[in-house]
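Residue-level listing of the chains:
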Amino acid sequence: MPLDVQAIPVLSDNYAWFLRDTETGTTAVIDPGEAAPVANFIEKEGGRLDLILLTHHHHDHTGGTEALRQRYHARVAGPAAEQQRMPPLDIALHDQENIAVGACIGTVIAVPGHTLGHICYDFPNPPSLFCGDTLFSLGCGRLFEGTAEQMFESLHKLDALPDATRVYCGHEYTLGNSAFALHAEPHNAALKERVAEVRRLRAENKPTVPSTLGMERATNPFLRAQDVQTFAQLRREKDTF
């Protein structure tokens, strides 16, 4: 049975992601940046939270963790490499380890770059990637701690995942990212179509994510960079665009 995923808007432009295993009823939330909107959502969904999954230590992704842990007695999982910089972990995760949400088994992918210990969660049914601040729709995370080489390698760890993989990132940044993407690839027809869709969605106050890896491979200049030098130049340009 598949994983059911719903968005919970938090803070100004973050998304926490609510997961429910439809076979067992087990629930999880990914990157609860603040507690109140997540708790309100959970109460409407039956009042159960079993697991909190964290992708990296930044407060806008972890800020609601302790309050939610105490309210729902949820276990907390996150990157072992950052456990000294985030709320206490019940499960410290390493690259390629598995994490279960009920009967749904996900795989941890280490993706240093935005932070040195950042991880993604890859679930197969349906193909779903919870990538925090590593990959955005039409963009990628800033290099706060890692290098361009690390981020380039991290993004290409995702090459093995199918085009149909849904990309659940941590922010509603797509419209902002679209301006630079068009600057980088002004003749990309697929990108122009995507930007038109993004503008329509935002005009209707609708989310632009999840995207898919297939869409990002066709439109995201950071995924489309052929080598680390090109990627690094794009990242530098984006930082001052």
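Predicted model only: the values in this text are computed from it and were never measured.

Draft legend 1. Here's a closer look at the UniProt feature "domain: Metallo-beta-lactamase" (unreviewed entry) in the chain. Within this numbering scheme, the UniProt entry marks residues 13-171 as carrying the feature "domain: Metallo-beta-lactamase" (unreviewed entry). A distance of 6 Å separates the end C-alpha atoms of residues 13-171, which is 19% helix and 34% strand.

Draft legend 2. How the structure looks around helix H3 (residues 65-72). For H3, every residue scored as buried is listed here: Thr-65, Leu-68, Arg-69 and Tyr-72. Along the axis of H3, the buried positions cluster into a sector of 105°, meaning they face one direction only. His-73 occupies a position one or two residues after H3 and carries a positive phi of about 55°.

Draft legend 3. Quick look at the sheet that holds strand S4 (residues 51-53). One open sheet holds the six strands; their spatial order is S1-S2-S3-S4-S5-S6, and the pairing between them is mixed. Strands at the two margins of the open sheet, each flanked by one partner only, are strand S1 (3-10) and strand S6 (91-93). Averaged over neighbouring strand pairs, the angle between their axes works out to 20° when direction is ignored. Against the sheet, helix H1 (residues 35-44) engages S1, strand S2 (14-21) and strand S3 (27-30), with an angle of about 140° to S1.

Draft legend 4. Structural detail: the environment of Glu-34. Within the element layout of this structure, Glu-34 appears in the loop between S3 and H1. A C-alpha to C-alpha distance of 9.1 Å links Glu-34 and Leu-68, two positions 34 residues apart in sequence. Beyond its immediate stretch of four places on either side in the chain, Glu-34 contacts Val-10, Leu-11, Gly-63 and Gly-64.

Draft legend 5. Fine view of the nonpolar core. Counting residues in each nonpolar core, the largest one holds 47 residues, and the members touching the most others are Trp-17, Leu-19, Ile-99, Tyr-121, Phe-123, Phe-130 and Phe-231. In contact with Tyr-121, other than residues within four places in its own chain, are Leu-53, Leu-54, Thr-55, Ala-77, Gly-78, Leu-93, Ile-99, Thr-107, Val-108, Ser-128, Leu-129 and Phe-130. Ranked by size, the runner-up nonpolar core spans 18 residues in total, among them Phe-18, Ile-42, Ile-52 and Met-86.

Draft legend 6. Broad picture of the pairing of S2. With eight of eight residues buried, S2 lies mostly within the body of the structure. Side chains of S2 alternate between two faces, with Asn-14, Ala-16, Phe-18 and Arg-20 and Tyr-15, Trp-17, Leu-19 and Asp-21 buried alike. Pairing between S1 and S2: eight bridges, direction antiparallel. Across the sheet, the residue bridging to Ile-8 is Ala-16, located in S2. Taking the residues that link successive antiparallel strands as the turn, the S1-S2 hairpin has three residues, and the phi of Leu-11 there is positive, at about 50°. Summarising the sheet, S2 and S3 pair through four bridges and their orientation is antiparallel. The partner of Trp-17 across the bridge, within S3, is Ile-30. Taking the residues that link successive antiparallel strands as the turn, the S2-S3 hairpin has five residues, and the phi of Gly-25 there is positive, at about 85°.

Draft legend 7. Structural context of the UniProt feature "binding site: Zn(2+) 1" (unreviewed entry) in the chain. On the UniProt side, "binding site: Zn(2+) 1" (unreviewed entry) is annotated at positions that read His-56, His-58, His-114 and Asp-133 here. Spanning 78 residues, the named residues form one tight spatial group whose C-alpha atoms are at most 10.0 Å apart. Those annotated residues lining the largest pocket are, specifically, His-114 and Asp-133. Along the polypeptide, His-114 turns up in the loop between strand S8 (104-110) and strand S9 (119-124). Beyond its immediate sequence surroundings of up to four residues, His-114 is in contact with His-56, His-58, Asp-133, Gly-141, Arg-142, Leu-143, Phe-144, Glu-145 and Met-151. One can find Asp-133 in the loop between strand S10 (127-132) and strand S11 (135-136). The exposure class assigned to Asp-133 is buried, which follows from its relative accessible area of 4%.

Draft legend 8. The sheet that holds S8, seen in detail. The strand order across the open sheet formed by six strands is S7-S8-S9-S10-S13-S14, and the pairing between neighbours is mixed. With one partner strand each, in any of the chains shown, strand S7 (98-101) and strand S14 (211-212) form the two edges of the open sheet. With four bridges connecting them, S8 and S9 associate as antiparallel partners. Note on S9: the bridge partner recorded for Thr-107 is Asp-122.

Rules behind the numbers
- Residues numbered from 1 in each chain as written.
- Predicted model: local features only at pLDDT ≥ 70, side-chain atom pairs only at ≥ 80, totals over all residues.
- Heavy atoms only, no water.
- UniProt positions renumbered as here; feature names shortened; annotations may be inferred.
- Helix = DSSP H or I, 4+ residues; strand = E, 2+ residues; numbered from the N terminus.
- Buried < 20%, exposed > 50% of the residue type's maximum accessible area, 1.4 Å probe, protein only.
- Arc of directions from axis to C-beta.
- Pairing = 2+ DSSP bridges.
- Axes fitted to C-alpha atoms, helices over the stretch in contact; angles between N-to-C directions.
- Contact = heavy atoms within 4.5 Å.
- Core = buried A, V, L, I, M, F, W, Y, C linked by side-chain atoms within 4.5 Å.
- 1 Å grid on protein atoms, 1.4 Å probe; cavity = no way out; pocket = protein on both sides within 12 Å on 5 of 7 lines; lining within 4 Å.

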